[in-house]
Amino acid sequence: MQKINLGAGPAKLPQEVLEQAAAAILDYQQSGLSILEIPHRGKLFDAILEESKALVNELCELDNDYEILWLQGGRLQFSMVPMNFLPQGASAGYIDSGHWAAEAIKDAAVYGNINVLASSQKDNYNQLPEWPKDIDPSLAYLYLTTNNTIFGTQWKNIPHTAMPLVADMSSDILSCPRNYKQYALFYAVAQKNIGPAGVTLAAVHRSFLKKAKSGNASMLDYAAHARQHSVLNTPPVMAIYTSLLTLRWIKQKGKETIFEDNRQKAQWLYDEIDRNSLFTGTVAHAAHRSGMNACFVAKDKDTEKRFIEFCKNNEIVGIEGHRQVGGFRASLYNAVSKSDVEKLVTLMREFENRELQLS
Ligand SMILES: *Cc1c(COP(=O)(O)O)cnc(C)c1O
């Protein structure tokens with residue numbers, strides 16, 4: 001029996017994607033070569049790159065206005081953004097809504113002046129900070145994290161602003177309705193919702209890219225990656241191909257269907273967290289709760305250990321909370337099915353019955 005991975009990342013991938021990826025390792029499209037061996041500057045990989053970019057353009061409704069790049073290094077984006085878009089002497093605005101936002105702020109501060117416009121750090125990020133008012137228009141850009149993977153909060157709507165918006169969408173890209181054209185630049189590490197670890201998707205509006213500073217080393221320069229069509233160096237071909245398989249899966253299933261399933265999954269789980277006498281959600285306001293990472297705790301550590309054990313015995317893994325929050329975190333990424341969530345909810349009910357009988 002397959003285990004259900006509710007880990008925050010590397011996360012569950014659709015079964016069809018895993019099967020196609022496995023077949024491609026043995027022989028890619030009857031080329032007689034493994035996908036692990038095909039040249040990165042050749043027809044086969046060109047087709048993978050072109051189709052993957054076209055799908056991102058289509059699924060995010062970008063109207064061909066963005067350079068779509070497959071990059072490496074995950075959180076290297078925390079540095080590349082200021083290196084490219086924070087001119088000497090200028091300041092950038094950051095929203096400090098969680099661990100990854102705080103890390104991005106630290107890394108950006110190496111390159112220039114960072115104004116933290118809003119923060120929920122003093123509440124251990126158990127809610128979103130209030131969206132800043134009267135944002136200084138001279139800021140080079142405004143940076144936010146759409147979904148706070150560790151603390152389980154999510155910005156559902158971003159108020160309109162004239163500022164160029166830069167967003168880390170690592171843990172909620174293509175999971176819910178979002179106006180991607182609102183952003184000057186957005187990026188997502190693949191291993192949360194669109195593929196395996198080793199590759200990062202970045203989309204940069206062409207007009208914003210024109211404002212990028214020159215003088216960066218080529219691997220740290222968005223424009224250089226764009227000019228070289230994501231093959232400035234030897235890219236992780238397998239990770240990009242697997243991401244393409246996931247994008248195809250999203251398109252085939254229909255993104256509206258996936259968004260609606262995700263809404264339903266989150267609702268089932270949060271309803272159970274609120275109903276169940278053993279569990280408490282950690283996020284202060286229901287409206288701030290993440291549709292992707294649901295964080296909750298039990299009344300004491302022993303109960304938590306027993307529930308994690310109970311899940312493991314029932315083939316659900318990866319549900320331990322991050323050490324900064326404790327308790328549990330159930331990640332409900334696109335590949336986690338409605339029946340996976342039904343199984344978790346059923347286990348939460350069974351566990352409650354067992355515990356109440358013990359006491
Ligand atoms: C996981 C995550 C990252 C970091 O990803 P790495 O690939 O480990 O560098 C950054 N931002 C968010 C929101 C994340 O969830």
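> Mind showing me how you'd approach the packing of helix α9 (residues 255-275) against helix α11 (residues 338-358) here?
If you want to describe how two helices pack, look at the angle between their axes and the distance between the axes. Packing of α9 against α11 leaves a shortest axis separation of 9 Å and a crossing angle of 5°. Overall, the two elements α9 and α11 adopt an arrangement that is roughly parallel. On α11, the residues that touch Asp 261, Gln 264, Lys 265, Trp 268, Leu 269, Glu 272, Ile 273 and Arg 275 of α9 are Lys 338, Val 341, Glu 342, Leu 344, Val 345, Met 348, Arg 349 and Glu 352. Taken together, the residues of the contact of α9 with α11 sort by class into seven nonpolar, one polar and eight charged.

> Honestly, the domain arrangement of the chain in this entry has me stumped. Any pointers?
Many structure descriptions define interface size as the accessible area lost when the parts assemble. The domain boundaries assigned to the chain delineate domain 1 (15-253) and domain 2 (254-358). For domain 1 and domain 2, the distance between their C-alpha centroids amounts to 28 Å. Taken together, the contact pairs 30 residues of domain 1 with 27 residues of domain 2. Taken over both partners, the interface formed by domain 1 and domain 2 buries close to 2300 Å², and the fraction arising from carbon and sulfur atoms is 49%. Where domain 1 meets domain 2, there are two salt bridges. For Lys 253, the salt bridge identified is with Asp 261, shortest N-O distance 3.7 Å. For the side of domain 1 that touches domain 2, the secondary-structure elements that each account for two or more residues are α2 (43-59), β7 (153-154), α5 (190-193) and α8 (237-253). Counting residues per element, the side of domain 1 that touches domain 2 draws most heavily on α8, at five residues. Class assignment of the residues belonging to the side of domain 1 that touches domain 2 gives a composition of 10 nonpolar, 13 polar and seven charged.

> Where do I start with the side chain of Lys 53 in this structure?
As for its placement among the helices and strands, Lys 53 is situated in helix α2. No salt bridge is formed by the buried Lys 53; its nearest oppositely charged neighbour, Glu 50, is found at 5.5 Å. Here Lys 53 is in contact with Ile 68, Trp 70, His 229 and Ser 230, once residues within four sequence places are set aside.

> How should a nonpolar patch on the surface be read in this particular structure?
Residues Ile 25, Leu 26 and Leu 36 make up a contiguous nonpolar surface patch of roughly 330 Å² in combined accessible area. As for its position among the elements, Ile 25 is in helix α1 (residues 15-26). Classification of Ile 25 by relative accessible area gives partly exposed; the value is 35%.

> Mind showing me how you'd approach the site of the ligand here?
Around the ligand, the structure places Gly 74, Arg 75, Phe 78, Trp 100, Thr 145, Asn 147, Thr 149, Asp 168, Ser 170, Val 189, Gln 191 and Lys 192. Between Asp 168 and the ligand, the recorded distance is 2.6 Å, taken from a side-chain N or O atom to a nitrogen atom. Between the ligand and Gln 191 there is a distance of 2.8 Å, counted from an oxygen atom to a side-chain nitrogen or oxygen. Protein coverage of the free-state accessible area of the ligand, which is 390 Å², stands at 85%. Tallied by class, residues from the shell around the ligand come to three nonpolar, six polar and three charged.

> Is there a simple way to think about the sheet that holds strand β11 (residues 279-281) in this case?
Within a sheet, each strand pairs with its neighbour through backbone hydrogen bonds, oriented either parallel or antiparallel. Strand order in the open sheet formed by three strands is β11-β12-β14, and the pairing between neighbours is antiparallel. Two strands lie at the open edges of the sheet, namely β11 and β14 (328-331), each paired on one side alone. Taken over all neighbouring pairs, the strand axes of this sheet differ in orientation by 35° on average, direction set aside. In terms of strand pairing, β11 meets strand β12 (residues 293-298) through three bridges, oriented antiparallel. Residue pairing in the sheet places Gly 281 in a bridge with Phe 296 of β12.

The rules behind these values
- Residues numbered from 1 in each chain as written.
- Predicted model: local features only at pLDDT ≥ 70, side-chain atom pairs only at ≥ 80, totals over all residues.
- Heavy atoms only, no water.
- Axes fitted to C-alpha atoms, helices over the stretch in contact; angles between N-to-C directions.
- Helix = DSSP H or I, 4+ residues; strand = E, 2+ residues; numbered from the N terminus.
- Parallel < 35°, antiparallel > 145°, perpendicular 65-115°, else oblique.
- Contact = heavy atoms within 4.5 Å.
- Nonpolar A, V, L, I, M, F, W, Y, C, P; charged D, E, K, R; others polar.
- Domains from an automatic or database assignment.
- Buried area = accessible area lost by both parts, 1.4 Å probe.
- Salt bridge = Lys/Arg side-chain N within 4 Å of Asp/Glu carboxyl O.
- Buried < 20%, exposed > 50% of the residue type's maximum accessible area, 1.4 Å probe, protein only.
- Lys, Arg positive; Asp, Glu negative; His and termini not counted.
- Patch = residues over 30% accessible without salt bridge, like charges linked within 9 Å, V, L, I, M, F, W, Y side chains within 5 Å.
- Areas by Shrake-Rupley, 256 points an atom, 1.4 Å probe, with all protein chains shown as cover.
- Near = heavy atom within 4 Å.
- Polar contact = N/O pair within 3.5 Å; in protein donor to acceptor, adjacent residues only side chain to side chain.
- Pairing = 2+ DSSP bridges.

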